[in-house]
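# Fold and geometry: a report
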Amino acid sequence: MTDLTSLNLMEQATIECPFPAYRALRDQAPVYRIPQTGFFIVTRYDLVMEAVRNTEVFSSQITQGASGSMGAYPEVIELFEKEGVPFASTLISADPPVHTRYRTLVNRAFTASRVRAMQGYIQQIVDELIDDFIDRGEVEFVTEFAIKLPIYIIADQLGVPRADMQKFKDWSDASVPIGLDIGRDAELARAKLVIEFQHYFLDRIEERRRAPQDDILSDLVTARLEEEGNPEGRPLNGSELLSIIQQLLVAGNETTTNAFAAGMVLLLDNPDQLALLKAGDDKQMRTFCEEVLRLESPVAGLFRVTTRDTVLGGHEIPAGSLVNLRWAAANRDDTVFAEPDSLDVCRRNAGAQIAFGVGVHFCVGAMLAREEMFLGFRTLLRRLANVRLADGHEALEHHPNFILRGLKQLRLTFDRAEVSQAAE
Ligand code: HEM
């Protein structure tokens, strides 16, 4: 038995490797009120499923700090009121039926056919990024590949030119939910970047209103939101568009980035599975991607707030409680996944992982992320051989973030594979 009072999920040592803590919680207290924070964490697969499906009681309408963190400083609120655009509550922070209207509209911009049509273009970016470092025999994989691939793709879809990429990345970082109070100055700096982001995109939105193009931003700008008593619907206003764009920016960047870096380490730590993958087919590569999502869960857990007193798994949760649904813990539940801590590229039920969430908020970008991961990993394995950690495991460090799990850096060395061709 682990003494649960000795667990500190917020401390860096646990953030580095939270899995023993998750196991202890699943076994001993699958609905647990974290003493340091007062919020609940749910770690068992069946209970996470039960809560996430009950949107009436486990609501997504959570008020966060202006720049998406949990701190709410008066100076930040004032700055936002003076210079920023108030964010509408659209997708991730809305409940049905409001959520349903926005989600229907955004789904139309993220169709399967649009993602299929992007395959050739994703492959091209993957190859260009590898071309940029392959002759060196070494790479800082996070900045040179894992950050760039998803950010280029979502930036293209939102009409942001490559010249503005650093700004785009800074805005994305500033918008990332941290789940920790980061202090007034850091909060102010984040808010300034978020305001800059808002004004930049108000200009892009105007451009698209005048001249729509074949991209997701144009689809969003020209879409019409269904409204009662207005069969024609109405266009989204600036606040609504900014809220959706900010979510695409964050959700589409950090997450896929973290999946790539974590996946590379999993491959290096599991040479037998790497050999199976190299000898295997696309089906195994797709299973590998599911396994990366299951084992690492780049979005470790997200919050809900209870709308009334409730009971989950026999535990009472009072109205108004913050509840963290821990996908990362549920994804290693041994009642669902045999040998849950092992990478298994032949796992039959790998697709039962819930790293993209479940139910009405299921990730809008899941199809796009899966395609980026599949094409990215397949090409990396084809073009690089004998990949090694340049500085050993001791050098691996995760960002201090309770919500998103991601490596800060990943220095690799490698040889060029003999058949160093782009995928056919
Ligand atoms: C490996 C990559 C990704 C992971 C692990 C991931 C994870 C998640 C999770 C867990 C949720 C559920 C939120 C909830 O239940 O409250 C979610 C929602 C969402 N994701 Fe992703 N995501 C990824 C990639 C992407 C990409 C590439 C995009 C867009 C370009 C995206 C856009 C969104 C949006 C807009 C939502 C909100 C949906 C809603 O509330 O209806 N995600 N994602």
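Residues numbered from 1 in each chain as written. Predicted model: local features only at pLDDT ≥ 70, side-chain atom pairs only at ≥ 80, totals over all residues. Heavy atoms only, no water.

Let's shift gears to the overall build of the protein chain. A count of helical and extended segments in the protein chain gives 17 helices and twelve strands. Over its C-alpha atoms the protein chain spans a radius of gyration of 21 Å, differing by no more than 12% from the 22 Å that the globule rule assigns to 424 residues. Counting only C-alpha atoms, the protein chain reaches 60 × 60 × 40 Å along its principal axes. Taken across its 424 residues, the protein chain has 56% of its residues classed as buried. Accessible surface for the protein chain amounts to roughly 18,300 Å². Of this, 51% is attributable to carbon and sulfur atoms. Between the averaged position of the 44 positive side-chain charges in the protein chain and that of its 62 negative side-chain charges there is a distance of 3 Å. (Helix = DSSP H or I, 4+ residues; strand = E, 2+ residues; numbered from the N terminus. Rg over C-alpha atoms; globule rule 2.2 N^0.38 Å. Buried < 20%, exposed > 50% of the residue type's maximum accessible area, 1.4 Å probe, protein only. Areas by Shrake-Rupley, 256 points an atom, 1.4 Å probe, with all protein chains shown as cover. Lys, Arg positive; Asp, Glu negative; His and termini not counted. Charge placed at Lys NZ, Arg CZ, Asp CG, Glu CD.)

Turning our attention to unusual backbone geometry. Following P96, the chain continues into P97 via a peptide bond in cis, with omega recorded as 5 degrees. By the secondary structure assignment, P97 is in the loop between α4 (74-83) and α5 (98-109). In this structure, S297 is a non-glycine residue whose phi angle is positive, near 35 degrees. Examined against the element boundaries, S297 turns out to sit in the loop between α15 (282-296) and β7 (302-306).

Adjacent strands of a sheet pair through backbone hydrogen bonds, lying either parallel or antiparallel. On the basis of which strands lie adjacent, the open sheet formed by five strands has the order β1-β2-β10-β7-β3 and mixed pairing. Single-partner strands in this sheet number two, and they are β1 (31-33) and β3 (58-59). Packed on one face of the sheet, helix α3 (residues 45-53) meets β1, β2 (40-42), β3, β7 and β10 (322-325) and runs near 125 degrees to β10. (Pairing = 2+ DSSP bridges. Contact = heavy atoms within 4.5 Å. Axes fitted to C-alpha atoms, helices over the stretch in contact; angles between N-to-C directions.)

This part covers the site of the ligand. What surrounds the ligand is a group of 25 residues, the closest being H99, R103, R304, H361 and C363. At a separation of 3.4 Å, an oxygen atom of the ligand approaches a polar backbone atom of I92. H99 places a polar side-chain atom, nitrogen or oxygen, 2.6 Å from an oxygen atom of the ligand. Secondary-structure elements contributing two or more residues to the shell around the ligand are α5, α13 (238-269) and β7. The element best represented in the shell around the ligand is α13, accounting for five residues. Looking at side-chain class alone, the shell around the ligand contains 16 nonpolar, seven polar and two charged residues. (Near = heavy atom within 4 Å. Polar contact = N/O pair within 3.5 Å; in protein donor to acceptor, adjacent residues only side chain to side chain. Nonpolar A, V, L, I, M, F, W, Y, C, P; charged D, E, K, R; others polar.)

Further remarks concern the pattern of salt bridges. Under the counting rule described, the total for this entry stands at 31 salt bridges. R184 serves as the salt-bridge partner of E75, at 3.1 Å between the closest nitrogen and oxygen. Of this pair, E75 sits in helix α4 while R184 sits in helix α11 (residues 184-210); the two residues are 109 residues apart in sequence, bridging distant segments of the chain. With relative accessibility at 37%, the residue R184 sits in the partly exposed group. Of the charged contacts, one joins R208 and D215 as a salt bridge, the two residues approaching to 2.7 Å between their closest N and O atoms. Accessibility classification places R208 together with D215 in one group, the buried group. Put simply, R23, R332 and D341 are held in one network by salt bridges that share partners. (Salt bridge = Lys/Arg side-chain N within 4 Å of Asp/Glu carboxyl O.)

This brings us to the packing of α15 against helix α17 (residues 366-383). Two elements in contact, α15 and α17, have axes separated by 10 Å at closest approach and are oriented at 115 degrees. The crossing of α15 and α17 is right-handed. Here α15 contributes D282, M285, R286, F288, C289, E290, V292 and L293 to the contact with α17, which in turn contributes R370, E371, M373, F374, F377, R378 and L381. Considered class by class, the residues forming the contact of α15 with α17 number nine nonpolar, no polar and six charged. (Left-handed = near helix turned anticlockwise from the far one by under 90°.)

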